[in-house]
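So the chains spell out like this:
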Amino acid sequence: MAKKGKTKGYNYYKEFMVVSNLIVKASNMLNEILHDHDLKNTDKKLAKLHEIERSADEQKHAMMNYLFSDFLPPIEREDIIDLASALDTVIDMIEDILRYIDMFQVPEITPEMLEFMEIIEKSALKMHDAVKELKNFKKPKALQETIIEINRYENLGDELYLESVKKLYIEKNDSLNPLDTVALIRIYDYFEKSCDSFEEAAEIISRIILKNS
C-alpha cells in the first residue's frame, strides 16, 4: 500500500514526468526524422535521438540510487522500479526503430511507418498525461480513462502491424527483393513493439491503482 509520508528532497512523481516528457520529445523527433528521411544523415539523427535515450537512462539511475536509501517512498519500491524500467523501455523502443531503419538501410519510409508514428506520438502524449495524473492514483477516474486510451492505441498498433505485413505478401511488389521484405517486416516488428511498450507501462500504473484502491 502507498505510504502517507512524503519523501523530502525528492519527488518521484515529478521525476517520472521528466521521463515522460523525454518520451514525447523522442517520439516527436522520430516522426520528424521519418518525414524528412535521408539515409545520408541518419547517423547524425540517430546520435541526437540517442542523447534523449541517454538522458532517460540517467534519470532512471538517479531514481534507483535515491530509492536505495529512501526510508519512505510514496508508493511501493517494486512499483517505482517497474514503472521506471517500463518508461525507459518505451524510449529504448523508439530509438530501436531508427536503429533498424539505419541498419537495413531502408531507402524510403512507407505510409505504414508514418501511420505507426501517428499512433506512437498519440500514445506518448497519453502516457505523459497518465504520468501527470499518477499522483492522484487514489482518485483514479481521469487516470483510468487515459489508460484506456493507451490500450486502444496499442490495439490499433496490433491491427496495423497485421495489415502491414499482410500487404507485403498480397502485393508482392516486384521492386522489393526478399531481403527488402524481411527488412520491412523486422522494422514493422519494432514499430509494433513500441506500441506494446506503452501498454506495458500503463499496466504498471493500473497495478498501482489496484493496490491502493
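Remember, it's a predicted structure, so these values are computed and weren't measured experimentally.

Analysis parameters
Residues numbered from 1 in each chain as written. Predicted model: local features only at pLDDT ≥ 70, side-chain atom pairs only at ≥ 80, totals over all residues. Heavy atoms only, no water. Phe/Tyr/Trp six-rings, centres within 6.5 Å; stacked < 30°, edge-to-face > 60°. Helix = DSSP H or I, 4+ residues; strand = E, 2+ residues; numbered from the N terminus. Buried < 20%, exposed > 50% of the residue type's maximum accessible area, 1.4 Å probe, protein only. 1 Å grid on protein atoms, 1.4 Å probe; cavity = no way out; pocket = protein on both sides within 12 Å on 5 of 7 lines; lining within 4 Å. Points joined across faces, edges and corners; volume = space filled by probe spheres on them. Nonpolar A, V, L, I, M, F, W, Y, C, P; charged D, E, K, R; others polar.

Is there a simple way to explain the packing of aromatic side chains in this structure?
When we look at a pair of aromatic rings, we describe it by the centre distance and by the angle of the planes. Overall, the coordinates contain 7 aromatic pairs when judged by the stated rule. Aromatic pair Tyr 12 and Tyr 66: ring centres 6.2 Å apart, planes at 70°, arrangement edge-to-face. Highlighted residues: Tyr 12 in helix H1 (residues 12–35) and Tyr 66 in helix H2 (residues 42–69), separated in sequence by 54 residues. Using a relative accessible area of 26% as the deciding quantity, one classes Tyr 66 as partly exposed. Judged by centre distance (6.0 Å) and plane angle (40°), the ring pair of Tyr 100 and Phe 104 falls under tilted. Counting every residue linked through ring pairs, the aromatic cluster contains Tyr 10, Tyr 12 and Tyr 66.

How should empty space enclosed by the protein be read in this particular structure?
To find the voids left in a structure, one rolls a probe of water-molecule size over its atoms. Tallying each qualifying case throughout the model produces 1 cavity of 30 Å³ or more. A volume near 50 Å³ is recorded for the largest cavity. Breaking the lining of the largest cavity down by element, the ones donating at least two residues are H1, H2 and helix H3 (77–103). Per-element accounting of the lining of the largest cavity gives the leading share, 4 residues, to H2. Tallied by class, residues from the lining of the largest cavity come to 6 nonpolar, 1 polar and 2 charged.

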